[in-house]
Amino acid sequence: GRLEAVTQQMGYHPQYLDSFLKMQHYLMHMDGPLPFDCRHYIAIMAAARHQCRYLVNLHVLQFLRAGGDPQWLRGLDFIPPKLRNLNEINKILAHRPWLITKEHIEVLGEHQLGTRVAVRTAASPGGASTLPASHCWSALGVGPRRGGGKAGITALTPAPVSVQSLDSCMELDSLREHMQRIHVETEGREETRLLQQDREEGEGQGAELGVQGGTELRADLSAGLFPLADTDGEVTGATNLACYMQDPDFGYQDFARRDEDQTQVFRVQDYSWEDHGFSLVNRLYSDIGHLLDEKFRMVDGLQSSAMAKRQGCEPSVFKRGIWNYIHCMFGIRYDDYDYAEVNQLLERMLKVYIKTVTCYPEKTNPEMFDRFWKQFKHSEKVHVNLLILEARMQAELLYALQAITQYMI
């Protein structure tokens, strides 16, 4: 088996990768309320919402390997009703999580199983997956090929890593060492690219983004956000995404422009991950809260001093600005935060990128990745994308868990 290519990007930050893989293994390969084939089918439904063919095809393969019924791959009309009932929650969490209510939880059926399924639905990581992080991972997995090719995912600069399948328990130390070798080489070449770019700009030769050509190295590195470990052509096969979703025109709507009679602002002092969500998840699904919390803390603790220095602020301030900006898009507000800081810390093009990845990942492309981040190293870009992934996941979790809490009262 090969290491999923998007997971390779996490190798730039080995500590985060450790916490991610622990979470992935626990949810996908340990005992739980959902059969293994259902876990992968939920991931298919989630990735299809954002038109991420890579993740859909990946989980189609995993679904079949887990003994899933091939008839289910014909679409939602061919799956059990209880699984089909997740479709509405999938749609809402993917685009407008503030609309989820306790009534959506009720349709999952019997109280104990329904709430535990909802927790899995709202908590699983994208590459091993169910809804929120599969929604987020779609942002890292979609984008047009360079050179005008059809929609898909370009290859990571290093060759795909031949490792023990993620379906089994991996040797994390060995993985870290392999990743370190790959990324030391890649970062070294990228330093050369940055120096060359500075010289070109100094000579007045900086070309506008979008001009055809450029070095093969630059194309490869910018493609790193959109990697595809092509498993002998299987993962890249054509898939009819439309059969895995209903109401395809339902999408993100700016929270600030919603109708006045809709859901009010979600205030963190009334319902937070630390004070409410963490304990509820652990109560319904043992140890998941600890694994999620470790992942949230890990991404917040990643080093970003160089990135913050370029923005003229402390690392913690820069990271909190990104996190709170993403939560604000979903109507989540912190009373102790001055939102004027967002405009001061995040330049306009960076905000456009963050919003696109967060709310419209199917519109993300390599040109956006390059356009306003020429001064950042690839590892720094990956860090920001991990912040986006985890902030969005926590936003979806907060709304889902609040709905579960209201259902259980």
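Residues numbered from 1 in each chain as written. Predicted model: local features only at pLDDT ≥ 70, side-chain atom pairs only at ≥ 80, totals over all residues. Heavy atoms only, no water.

**As for the packing of aromatic side chains**
What the rule picks out here adds up to 15 aromatic pairs. For the pair Trp98 and Phe255, a centre-to-centre distance of 5.1 Å together with 85 degrees between the ring planes defines the contact as edge-to-face. Here Trp98, found in the loop between α6 (86–95) and α7 (102–106), pairs with Phe255, found in the loop between α11 (216–222) and β1 (266–267); they are 157 residues apart in sequence, far enough to count as distant. A relative accessible area of 6% means that Phe255 is categorised as buried. Between Phe296 and Trp323, the ring centres sit 6.3 Å apart and the planes meet at 85 degrees, which makes this aromatic pair edge-to-face. Of the two residues, Phe296 is situated in helix α13 (residues 288–301) and Trp323 in helix α15 (residues 315–329); the sequence distance between them amounts to 27 residues. (Phe/Tyr/Trp six-rings, centres within 6.5 Å; stacked < 30°, edge-to-face > 60°. Helix = DSSP H or I, 4+ residues; strand = E, 2+ residues; numbered from the N terminus. Buried < 20%, exposed > 50% of the residue type's maximum accessible area, 1.4 Å probe, protein only.)

**As for the nonpolar core**
Judged by nonpolar contacts, the single largest core of 100 residues is most densely connected at Tyr41, Tyr244, Leu292, Leu346 and Ile354. When residues of this core are assigned to their parent elements, the largest contribution, 17 residues, is made by helix α19 (residues 378–408). (Core = buried A, V, L, I, M, F, W, Y, C linked by side-chain atoms within 4.5 Å.)

**Let's talk about unusual backbone geometry**
Phi angles above zero are rare outside glycine, and Gln51 is one such case at about 60 degrees. Overall, the relative accessible area of 48% leaves Gln51 in the partly exposed class. Although it is not a glycine, Asp247 sits at a positive phi angle of roughly 55 degrees. Position of Asp247 among the secondary structure elements: in the loop between α11 and β1. The partly exposed category is assigned to Asp247, whose relative accessible area is 38%.

**Quick look at the confidence of the model for the protein chain**
For the protein chain, the average pLDDT comes to 73, and 65% of its residues sit at 70 or higher. Averaged pLDDT values for the elements of the protein chain fall to 31 in α11 and rise to 96 in strand β2 (residues 332–333). Taken together, the stretch residues 123–129 has pLDDT below 50 and engages in 37 contacts with residues farther than four places along the chain or on a different chain. Across residues 142–172 the pLDDT falls below 50, and counting only partners more than four positions away or on other chains, this stretch makes 82 contacts in the model. (pLDDT = per-residue confidence, 0-100. Contact = heavy atoms within 4.5 Å.)

**Observations concerning α19**
An ideal rise of 1.5 Å per residue puts 45 Å on 31 residues; α19 measures up with 45 Å between its terminal C-alpha atoms. Counting buried residues in α19 gives 27 out of 31 residues, a clear majority hidden from the surface. (Expected span 1.5 Å × (residues − 1).)

**Some remarks on α15**
A rise of 1.5 Å per residue sets the reference length of α15, with its 15 residues, at 21 Å; its end C-alpha atoms lie 22 Å apart and thus fit the reference within 8%. Turning to α15, its buried residues number three or more, namely Phe318, Lys319, Gly321, Ile322, Trp323, Asn324, Tyr325, Ile326, His327 and Met329. In this structure, the buried residues of α15 make contact with α13, α14 (305–311), β2, α16 (340–345), α17 (348–359) and α19. A positive backbone phi angle near 80 degrees is found at Gly331, which sits one or two residues after α15.

**A word on the environment of Val299**
Within the secondary structure, Val299 sits in helix α13. The exposure class of Val299 is buried, given its relative accessible area of 0%. Along the primary structure Val299 and Leu17 are separated by 282 residues, whereas in three dimensions their C-alpha atoms are 9.8 Å apart.

**So, the pattern of salt bridges**
For the structure on display, the rule yields 9 salt bridges. Of the charged contacts, one joins Lys91 and Glu88 as a salt bridge, the two residues approaching to 3.4 Å between their closest N and O atoms. Note that Lys91 and Glu88 are positioned in helix α6 at a spacing of 3 residues, about one turn of the helix. With relative accessibility at 9%, the residue Lys91 sits in the buried group. The salt bridge partner of Glu396 is Arg392, with a shortest N-O separation of 2.8 Å. Remark: Arg392 and Glu396 occur in helix α19; sequence separation between them is 4 residues, near one turn of the helix. Of the residues examined, Glu396 reaches a relative accessible area of 0% and is grouped as buried. (Salt bridge = Lys/Arg side-chain N within 4 Å of Asp/Glu carboxyl O.)

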